Each structure stands twice: as structure tokens, then as C-alpha cells.
Amino acid sequence: MSKQVKQLDRVIIRFAGDSGDGMQLTGDRFTQESAVFGNDLVTLPNFPAEIRAPQGTLPGVSSFQVHFADHDILTAGDAPDVLVAMNPAALKANLGDLPKGATIIVDTHDFTGRNLIKAGYADNPLDGLGEPGSPLGEFFVHPVDLTGMTVEAVKEFGLSRKDAARAKNMFALGLLSWMYGRPIESTITFLEKRFAKVADIRDANITAFKAGWNFGETTETFVVSYEIKPAPMSAGTYRNITGNLALSYGLVAAGVQSGLPVFLGSYPITPASDILHELSKHKAFGVTTLQAEDEIAGVGAAIGASFAGSLGVTTTSGPGIALKSEAIGLAVMTELPLLVIDVQRGGPSTGLPTKTEQADLLQAMFGRNGEAPVPIVAPQSPGDCFSAALEAARIAITYRTPVMLLSDGYLANGSEPWRIPELADLPVIDPNFATERNKTVVAKDGTETEEYWPYLRDEETLARPWAIPGTPGLEHRIGGLEKGEGHGNISYDPANHDFMVRTRQAKVDRIADSLPPLVVDDPSGEANVLVLGWGSTYGPIGAGCRRVRKAGYHVAQVHLRHLNPFPKDLGEILSRYDKVLVPEMNLGQLSLLIRGKYLVDAIGYNQVNGMPIKAAELAEAIGNLVAEAEGVTVDLTPDPIAEEASK
Amino acid sequence: MSTTEKLPFPGLRSGVELVPTNDQPQTGKEYTSDQEVRWCPGCGDYAVLKAVQGFLPELGLRRENIVFVSGIGCSSRFPYYLDTYGMHSIHGRAPSIATGIATAREDLSVWVVTGDGDALSIGGNHLIHALRRNVNMTILLFNNRIYGLTKGQYSPTSEAGKITKSTPMGSLDHPFNPVSLALGAEGSFVARTIDSDRKHLTAVLSAAAAHRGTSFVEIYQNCPIFNDGAFDAIKNNDTKADAIIPLVHGEPIRFGVEGSKGLIRDSETGGVKVVEVADVGPDAILVHNAYNPDPTTAFAISRLTDSGYLNQSPIGIFRQVERPTYDDGARAQIATARDAAPGEPIDRLAALIGGGDTWTVV
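Residues numbered from 1 in each chain as written. Chains lettered and ligands numbered in written order. Predicted model: local features only at pLDDT ≥ 70, side-chain atom pairs only at ≥ 80, totals over all residues. Heavy atoms only, no water.

Student: How should the overall build of chain A be read in this particular structure?
Tutor: When you go through chain A residue by residue, the secondary structure sums to 21 helices and 24 strands. Relative to its length of 647 residues, chain A is compact, with a C-alpha radius of gyration of 28 Å against a globular reference of 26 Å. Its C-alpha atoms put chain A at 105 × 65 × 45 Å along the principal axes. A buried classification covers 61% of the 647 residues belonging to chain A. Relative to all contacts within chain A whose residues are 6 or more apart in sequence, the contacts with residues 24 or more apart total 76%. (Helix = DSSP H or I, 4+ residues; strand = E, 2+ residues; numbered from the N terminus. Rg over C-alpha atoms; globule rule 2.2 N^0.38 Å. Buried < 20%, exposed > 50% of the residue type's maximum accessible area, 1.4 Å probe, protein only. Contact = heavy atoms within 4.5 Å.)

Student: Mind showing me how you'd approach the overall build of chain B here?
Tutor: Along chain B, the regular secondary structure elements total 13 helices and 12 strands. Relative to its length of 362 residues, chain B is compact, with a C-alpha radius of gyration of 23 Å against a globular reference of 21 Å. Counting only C-alpha atoms and orienting by the principal axes, one finds that chain B spans roughly 90 × 45 × 45 Å. Looking at the 362 residues of chain B, the share that counts as buried comes to 58%. Of all intrachain contacts in chain B linking residues separated by at least 6 positions in sequence, the fraction that spans at least 24 positions is 68%.

Student: I'm lost on the sheet that holds strand β21 (residues 556-560) of chain A in this one. Help?
Tutor: In any sheet, the strands associate via hydrogen bonds between backbone groups, in a parallel or an antiparallel arrangement. Residues and elements named next belong to chain A. The strand order across the open sheet built from 4 strands is β21-β20-β23-β24, with neighbouring strands paired in parallel fashion. Two strands lie at the open edges of the sheet, namely β21 and β24 (603-606), each paired on one side alone. The mean angle between the axes of side-by-side strands here comes to 25 degrees, regardless of whether they run parallel or antiparallel. Pairing analysis gives 5 bridges linking strand β20 (residues 529-534) to β21, with the strands arranged parallel. Each residue of the ladder has a partner; that of glycine 533, found in β21, is histidine 559. (Pairing = 2+ DSSP bridges. Axes fitted to C-alpha atoms, helices over the stretch in contact; angles between N-to-C directions.)

Student: Help me out: how do you make sense of empty space enclosed by the protein in this one?
Tutor: Rolled over the atoms, a probe as big as a water molecule pinpoints where empty space is left. All names here are of chain A. If you walk through the whole model with that rule in mind, you get 6 cavities of 30 Å³ or more. Forming the walls of the largest cavity are Leu44, Pro45, Asn46, Thr354, Lys355, Thr356, Gly409, Tyr410, Asn413, Gly610 and Met611. Elements supplying a minimum of two residues to the lining of the largest cavity: β3 (40-46) and α15 (409-413). Residues belonging to the lining of the largest cavity are distributed by class as follows: 4 nonpolar, 6 polar and 1 charged. (1 Å grid on protein atoms, 1.4 Å probe; cavity = no way out; pocket = protein on both sides within 12 Å on 5 of 7 lines; lining within 4 Å. Points joined across faces, edges and corners; volume = space filled by probe spheres on them. Nonpolar A, V, L, I, M, F, W, Y, C, P; charged D, E, K, R; others polar.)

Student: What am I meant to see in the layout of surface pockets here?
Tutor: Residues and elements named next belong to chain A. One number sums up the size of the second largest pocket: a volume of about 1500 Å³. Every residue lining the second largest pocket is counted, 49 residues in all, and those nearest its centre are Gln380, Ser381, Asp384, Tyr538 and Arg561. Listed by contribution, the elements that provide at least two residues to the lining of the second largest pocket are β3, α14 (384-399), α15, β16 (415-419), α17 (538-550) and β21. If one sorts the elements of the lining of the second largest pocket by residue count, α14 sits on top with 6 residues. Looking at the lining of the second largest pocket residue by residue, the class counts come to 25 nonpolar, 11 polar and 13 charged.

Student: It is not clear to me how the side chain of His126(B) should be interpreted in this structure. Could you clarify?
Tutor: Note on placement: His126(B) falls in helix α5 (residues 124-133). Residue classification places His126(B) among the buried residues on the basis of a relative accessible area of 1%. In this structure the side chain of His126(B) is engaged in a polar contact, spanning 2.9 Å, whose partner is the side chain of Arg93(B). Contacts of His126(B), omitting those with residues within four sequence positions, involve Glu293(A), Asp294(A), Ile296(A), Ala297(A), Gly92(B), Arg93(B), Pro95(B) and Ser96(B). (Polar contact = N/O pair within 3.5 Å; in protein donor to acceptor, adjacent residues only side chain to side chain.)

Student: What is the right way to look at the packing of helix α7 (residues 185-194) of chain A against helix α8 (residues 199-218) of chain A in this model?
Tutor: Angle between the axes and distance between the axes: these two values describe a pair of packed helices. All names here are of chain A. In contact at an axis separation of 9 Å, α7 and α8 are set at 165 degrees when each is read in the N-to-C sense. For the element pair α7 / α8, the angle class is roughly antiparallel. Crossing geometry of α7 relative to α8 is assigned as right-handed. Every residue of α8 that contacts α7 at Thr187, Ile188, Leu191 and Glu192 is listed here: Arg202, Asn205, Ile206, Phe209 and Lys210. Tallied by class, residues from the contact of α7 with α8 come to 4 nonpolar, 2 polar and 3 charged. (Parallel < 35°, antiparallel > 145°, perpendicular 65-115°, else oblique. Left-handed = near helix turned anticlockwise from the far one by under 90°.)

Student: Would you explain the interface of chain A and chain B in this entry?
Tutor: Reports of interface size often rely on the accessible area that becomes lost once the parts have come together. Opposite the 71 residues of chain A that make contact, chain B presents 56 residues. Of the roughly 5200 Å² buried between chain A and chain B on both sides combined, carbon and sulfur atoms contribute 63%. When the area that chain A buries against chain B is broken down by residue, the three leading residues are Glu293(A), Glu475(A) and Arg477(A), summing to 14%. As a salt-bridge pair, Glu293(A) and Arg133(B) come within 2.8 Å of each other at their nearest N and O atoms. Linking chain A with chain B are 26 residue pairs in polar contact (both at pLDDT 80 or more), by the criterion used here. Going through the elements one at a time, α1 (23-37), β9 (236-242), α9 (243-258), β11 (288-291), α11 (295-307), α12 (318-334), β16 and β19 (477-479) of chain A are the ones with two or more residues in the side of chain A that touches chain B. Top element by residues in the side of chain A that touches chain B is α11(A). It accounts for 8 residues. Counted by class, the side of chain A that touches chain B contains 40 nonpolar, 22 polar and 9 charged residues. Both β9(A) and strand β12 (residues 358-361) of chain B contribute to a ladder of 4 bridges, which runs antiparallel. Considered in β12(B), the bridge of Thr237(A) is made with Thr360(B). (Buried area = accessible area lost by both parts, 1.4 Å probe. Salt bridge = Lys/Arg side-chain N within 4 Å of Asp/Glu carboxyl O.)

Student: Just to check I follow, could you spell out the nonpolar core for this structure?
Tutor: Within soluble globular proteins, side chains that are nonpolar tend to cluster in buried spots. Residue and element names in this part refer to chain A. If you look at the biggest cluster of nonpolar residues, it comprises 146 residues, and the most contacted ones within it are Leu339, Leu532, Leu560, Leu590 and Ile594. Per-element tally for this core: the top contributor is α14, with 11 residues. Leaving out residues up to four positions away in the same chain, leucine 339 has contacts with Leu251, Leu311, Gly312, Val313, Thr314, Ala389, Ala392, Ala393, Ala396 and Val403. Judged by nonpolar contacts, the second largest core, of 49 residues, contains Ala35, Met170, Ala211 and Phe222. (Core = buried A, V, L, I, M, F, W, Y, C linked by side-chain atoms within 4.5 Å.)

Student: Can you help me understand the sheet that holds strand β1 (residues 66-70) of chain B in this one?
Tutor: Read across the open sheet, the 9 strands follow the order β19(A)-β2(B)-β1(B)-β3(B)-β4(B)-β6(B)-β5(B)-β11(B)-β7(B); overall the sheet is mixed. The open sheet has two edge strands with one neighbour each: β19 of chain A together with β7 (244-247) of chain B. Taken over all neighbouring pairs, the strand axes of this sheet differ in orientation by 20 degrees on average, direction set aside. Summarising the sheet, strand β5 (residues 189-194) of chain B and strand β11 (residues 313-320) of chain B pair through 4 bridges and their orientation is antiparallel. Paired with Val190(B) across the two strands is Arg319(B), which belongs to β11(B). Strands in contact with α12(A) are β19 of chain A together with β2 (85-88) of chain B; relative to β19(A), the strand with the most contacts, it is inclined by about 140 degrees. Here α5(B) sits on the sheet and contacts β4 (137-143) and β6 (214-220) of chain B; the angle it forms with β6(B), its principal contact strand, is near 135 degrees.

Student: Whenever I open this one, the pairing of β11(B) confuses me. Can you help?
Tutor: The two faces of the sheet receive side chains in turn, since in a regular strand these alternate between them. Residue and element names in this part refer to chain B. Along β11, 8 of the 8 residues are buried, which leaves the element largely enclosed by surrounding structure. The pairing of β7 with β11 spans 4 bridges and is parallel. In the strand pairing of β11, proline 246 is matched with isoleucine 315.

Student: Explain the pattern of salt bridges to me, please; I cannot follow it from the model alone.
Tutor: Opposite charge on two side chains permits pairing when their charged atoms draw close. A full pass over the atoms with the stated rule returns 37 salt bridges over all chains. Linking Glu482(A) and Arg504(A) is a salt bridge whose minimum nitrogen-to-oxygen distance equals 3.0 Å. Taken as a pair, Glu482(A) in the loop between β19 and α16 (494-510) and Arg504(A) in helix α16 lie far apart in primary sequence, 22 residues in all. For the residue pair Glu482(A) and Arg504(A), the accessibility class agrees, reading buried in each case. A salt bridge links Arg62(B) to Glu64(B); its shortest N-O distance comes to 2.7 Å.

Student: Honestly, α11(A) in this entry has me stumped. Any pointers?
Tutor: Each α-helix turn comprises 3.6 residues. Residues three or four places apart therefore point the same way. All names here are of chain A. With 13 residues, α11 extends 19 Å from end C-alpha to end C-alpha; this agrees with the ideal 18 Å at 1.5 Å per step. Between a side-chain oxygen at the N-terminus of α11 and the backbone nitrogen of isoleucine 296 the separation is 3.1 Å; the capping residue is aspartate 294. The first or second residue beyond α11 is glycine 309, which carries a positive phi of 105 degrees. (Expected span 1.5 Å × (residues − 1).)

Student: I'm lost on the packing of α11(A) against helix α3 (residues 94-104) of chain B in this one. Help?
Tutor: One can describe the packing of α11(A) onto α3(B) by two numbers: an axis separation of 6 Å at closest approach and a directional angle of 45 degrees. Looking at the two axes, α11(A) sits oblique to α3(B). Once α11(A) is placed against α3(B), the crossing between them reads as right-handed. Contacts from Ile296(A), Ala297(A), Gly300(A), Ala301(A), Gly304(A), Ala305(A) and Phe307(A) in α11(A) reach Ser96(B), Ile97(B), Gly100(B), Ile101(B) and Ala104(B) in α3(B). For the contact of α11(A) with α3(B), the per-class residue count stands at 8 nonpolar, 4 polar and no charged.

Rendered as C-alpha cells:
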């Protein structure tokens, strides 16, 4: 039977199953295959906080969405074109996200009485498919006994039925790989490695994977396969990378580029733990990882290591930042380099551990006692976490200050193709340790002595010298009590405190001198509306702006890497636009800062549902604002002429 | 004088073995910073400071390779008065900061100065985990059994029923015994000494510095303002013979006037008890073995400390055993990983970030 091949420019697939069904692995492998094939892609893993929620229930559903395309894309997609549902709960939990006409591939094996009840189905939704009144009537449904065929395919390996059935995710992966013309070699190599020590499991998984592929090729259930051509990308070598991995590599690179040993003090917390796991593998780079007894000890050890001449790093999520606040204040006062990585998750309190949010911005900005300014940087995409980590290290080391890096759950676990940077392009960071006494003190009798003054500042950066133990003649004491300017001895002098408070703020403000001008994306130069964002909303904002432009309207976009201090040209840029829209996954934290600093009537677009903002919905909001600003009616239906022009 | 030679047992390495030494004679004055000492008149902290300033030169280390870290409290001002590297940090966290310093650098002699509130109340977690990990550092816990800097509230070592500003009807908390706690956390070096006994204090500090791993030294220290007389029984010449149970490795544990009392095992409780030597004969008296890998007997001895007003307490080194240290282990893992990965870091970085499944666009 010859099968039809259809060309598509992009597809969004969501794999959904029970927490134990291996959906994250399935999605990850499909992503790797797509990456190697050369598609642009963005992924969105979505899983419950429970390791194994009760089997077959709605809370136990884990999913992985991958959006891949023959062109440059920015988000994991608003709505899946294809849903692979491994059980009734997975179908039910995800059905609401599907647009009319979506394809559903469903494993019929678990659509039995008990499982249907667990998922809350009174009747089997697969009954009466194709007949009027079917609850799935709006979709193209392919009921396939994936589990049954998997068990049959791997019979020869003599596995228990349970173990055999576990390979069903690979059968599904094989089927989807066929359907979208994915190269399968990398998955076979992966399975060979992953299960190298258990031959029968290895062989069963590979066999199931191939059987899934062959099933697609031969069955009459699927008559069409699809081709999504590689996306044009700028020249270079690429790999697919998640935010947490890119961030870890960025920290390793910061150590190499500064010549400092990296010291991570950390306490496990979702969704930041993977950074601890990853860095613990890189001891050959001189990276020390200390799994501390608590969040406070993690940052404490990092501060100690920084005092001793390492690049101290602590990684956590929002609740951990709350615990570390006092220690971060100590690093502000002692003016030691320190990287504080906050992989934000839904809050407050324990909140939504596995879901994403951007609601720690104000905590990063203000969450300490006293006037305790801390520079803040934020990556905008998974791959960007690499350079954000290097930038945070540059600021921390150059300015002798703790720096907050705000990633989030979406960046941490999401992935995208990442052009591997040339090492020659990476910044070189000079720790510039103090080695000499820096102050000549003249006594009353005129005798001069050389002293080391730990708070005698660099005139340009206002950074204090960093003298590490072992340096003779520079013995000194620092601490959390207020320091006298210059000599650094304890000082309760009112004027000195006022001066030091202002100086610490001025030092952080000076960082703005080292920042490049902002990039304003305003292709027509005629926009009245500016969309300002930070962090992981870069993708949805970019995609939303594209939709607006494709419909023939003007909109500008600026995305902030630096949240404290703001780049020097931000105020001037804001003043150029009539309306400023600030989309955030919080209730308006950047808006508050922008309003406070620039007296600009920033308008919030706020969503805190634990999921990335949807580009289509955001585009509507942008469109409404464009309509208001320009006094026109906005219809976001793509305009072919504008679409051509916007390319 | 080299502390390595003073190691009383065939040890792994001295606590200061990797710290650069100074071949020039040093004086206490060199270790004295230019900062005015601001403890209350009569505070026991002065005596400890003097003893430390006098003792540090004897270590023969390079001054720049010594780091003192403290938390918050009266005693935590200590680092400001010593001309070494130092950090006066935040409440209770000194052990965690010192853990970072000691793990990052093998060439430093790291000291923590803390008090009963700092170490046992707000920082209790860090203390037990430092002891568990056995990071190479020396923790000096100044125990005055009261909160001084916050002006006189009861502390986690105050006797139950203590009337203070925050407990006008008497405190309800049962106190910690710091030595029992440290032994429970499997501290590898656990000792107790007294601020006013400079000779004993110095001897214990020497042994603590020489020990590789976390050395825990509880120092009974009098607060003349808020808890004066808390240790009178062991300081008063008339009573101290009966109050101090001296622990000396290899010697029978005897005390009292002319050693009339001693310790024997108590078959009833499984612990130890005080007896008249005349009643049991000198051979029955327990011989102190600080090097016993099993902490059970040391713990039993630690229980002889009064939890109420202090009329009796064992003083000396309870436990001194070898155990791998966290920081040495962490550095060894790095060395092993480095040996297995030859080449320049920059090349290895290129290989790392360029690894995995890659594809090239031309």
C-alpha cells in the first residue's frame, strides 16, 4: 500500500499518560529526533508534583508537548494538533485543550470499566466513534491497542506482562516517529545505552519502538504521513537543550572563564534540583557541590566559599529564596560575589512545585531587611540560560555583589535547539584579587604605614577589593554590621550609615554603565504600542507580536535581561510609545517597578495559572491595545500582504 | 612547636597539616587587631580571647591562613579582635559558612566562635550537620547559659525554671547538654573546658587544632551581667575539687579531695556513676579512653553534668577519634575527576557544551 506524504509547516504534539508511563522520556526522545532532523522546536513538559499519583487518575496525568516547525518558532504552541493519550485519564485531562479537528491517538487497552470510572467517565468515550453524538465527534480519533501490540511484539524476550507492557511508550514513539518522518537512529542508540545493563529490557524497548514504526508503515489505520522540513537556521552546530542544563553549563563556563573554582551550596527543591545533579558531574572542572542540610546552609557555604576565593553559587526556587534572604543580605553587606539562582515555580508557600510562574521578581528585588539592592538578570529561553549564567557571574565578580538569576519552571524543563557558542566569544571575567595593601595611613607624628582597607572602592565600579585568605598582609574582618567606608571597621556613625546605604545602591546602579543598549523590535518603526517583558514570556510575547504584525498592525517589543538595574535607555524607549503592555505570569510585578521608576502607565497582561501565556490570547490583548492607541478596529486574521512583509 | 608532633595517637593528618607554616617566631601582639574590645567588664570572653591570642602563635601557622568565623551574640564579636582573616556573619550560620571556607580551601585553619544561643538554638541544625560531616574546623562554643546580647533571656542551656525577663514564672524548657549533643551527632572531637583555667583551655585548644575533622570545644564562660555565678561551683577553690571531674586519656577518672571519688560503670542504668574510691578500690575506677571509636561511654560520662544549677561536670576531652573528613573527601573527589579528565579546561568545556546529539547547519 503506498502512503500519502503531506507537507506541513509545523505540528504540535502532546504525549499524555500516567505518571509512570514514561511520557517525559517519550516526548524527550521525539524532541531529540526532531532536533537532529533540523526542525526548530520548543517543548513544554507538564507533570504533577507527586512522583506516582494514584494510577489512572486525573491528578496522575503527565504530559509532554513538543512544537516543531520548518521555520523559526517561539513557543511550545497554544493547542496540540495531535494528542497521544495512553489512558482514559490522559484523554480526559487534555481534551479541553484540543482544537476542533485535532488528531487523537488513543491506547484502547486501558479503556476498561475501572479505569474509566477512575478518570470520571460514566460511559466509554470511544463507544460510538463516528456516530452522531460521539463525545469525540469533533476530532480524528485513532483507537489503537498500543499496549496489546507492544506485549505481543516483545513476547520473545520472556518478560513479565507488566514489564512487557511498560515498553508501550516506545511503541507509541515509534508510531509517531513514522508518522512525522523522524530519524530513529538516535533513539535506538539512546535505548542501547540506557538499558545497557539489562539486555532483555533493552531489546524489548528497541523492538517495541521498531514495531510502532512498522505498524504505522503497514496498517491501514494511518494512511498519511507528514513531512516537516528542517527549519532554516543560522550557521553553526546545534543541540537541543533544557534551561536547567544550559544554566549548569553556563555556571561551569563561568568558572572556566573567571579561573575561579565554582562552589555550589544547595538544597534539593523542584524545579531547581537538576542543576545540583548536573553540576555534581563536573568535578573535573573544579566544581564542588555541597548538598547542604537546608537552604540557609546552602547559601551560607556558598558565601564562605566566596570569601575563600571561589565563585559561590546557590540554587533554589522561591521558597528557598525566602529562607536564604538573611544570608543574601549578608552578602550585600560583605560585598562578596555570589550567584543566587531562583528557578521560579507557582507560589506562595509550597504553591505549585512543578508549574511555572514569574512571581518572585519583587522578592528578588526587595525581599530582604534594610536597603539591600541585588542585581537581577533573567534568561528568556532555555538555551539563553547559558549566557544569563555567565552574565550573572560577570556582574557578581566585577561588582562584588550577590546577583539573583530568575529562571522558571518552564525554562528549566522546556527545551529548544541551541546554537553551541564559540568559546572565543564568551566573556573573560577577571576576579582581580587584591594582593597589595591599598592605603597609606599617616599617623600624627608623620610616620606612614601601609594598610589594607577592605572597603576602599574602585572609582569606576564602586566595587571593593576582594582579598582572599592566604594573602599576607591583607588580613581583615568583614561581617553583617555596618562598615565604615574605606577602612571597613564597625561603624555606628549616622552619616556613615547613610553614606554606605547610598553607596551600595550606587554600586548596583553603576552596573547599568556596563550594559549594552536594549534591542527594540519595531520592524515598521510606526508602532504606538510597546510590549515589554522579561524572562520566559519572551516566546509568547514574540509570537503574539508576530500575529499582530501578520494581520497588518504595528507593535514593538522589548525584552529585559536586566531587571535591576534597568538598562539606561529603557526610560527613553518607554517614552516613545503611547501604550506599554507588560505581560507577566504574576499580578503585575514588572509593571509596578516600571510605573514606580518611570511614571509610565504600564498596562499589565497577567496570568498566574502555572502555564506559559498563550500567544493567541496575548495577541488579542495586544490587538485591543493597538485598536485603542490608534483608534482603529483590529482584526487579527492574517493579511497575506502584511504576512509577506513581516517575514 | 609543631602540633603534628603533639598528636597523641597515630593520626591520619593533623588538623593544620596542609596549612602553610611560619618559620619566624610570632607573638600574641601580632594576632591582636587594632579594634577596641567591647565586652562587659569581667566577661569571661576576655580570658578566652587572651588565651587564643597567646595560643595562636604557638601553632606556628602563617597568620594569613587562619580564618575565624562567628555568628551573632556577645562571643561572636571575637573575630574583630584577632588580626587574622575573619567573618562576623549572621545568627547561627557560622558553621555553614565555615564549611564553605574549609571545603573550598585545604590550606586554611578554620575556627568558629559561637555561643549557646547561636550554636544550639537558632543554629542548631548547622552545628549537628557540621559535626556529622566532620569538616576540618574547630568550633568554640562559649556557654554562659544565658542570652547576653539580647539582654538576659534564658538560653537552650539555661536550667529549667530559670527566672528571666522572658520567663518571669520560670523557664519551662529542658536544657541541652552541649557535649551530649555533640557526641550524639558523632562529633569526632568533643571537649569541655573553662574560661578561667587558661592552662587547661590552651591544652584543649591545642588538641582541638591538631585534630583533623570538626573539633567541638564547649567553654564554660561566666556572664557577670546576666548570669553571674553560673559556674561558681567549678571555679570556687573550696568546691571545685568535688565539682570538676577531670578527663585525661589513659587515666582513671578520679576527682574530689585527694581523688577520693571516681567513676565506675553502672550496671543498673548502663551508664556510669560516681562512687567513693575507698568503697570499690582504685582498680575498679573507669580509665578514660578518649580514642574509643564507640561513643557510648563518652556519652555516659557526659550525662554526669548537672542539667540544673551546675554543681558537677566532667571537664576535658571526651572523645577524639579518627573519621574521614568531608572537606578532604570533597577535594579528593575533585582530584580524582581531574586526573581522569586530562586536557585544558577550555578544551574540556568545548567538549562538554558541544556534546550530546548535535547537528550542523552550514
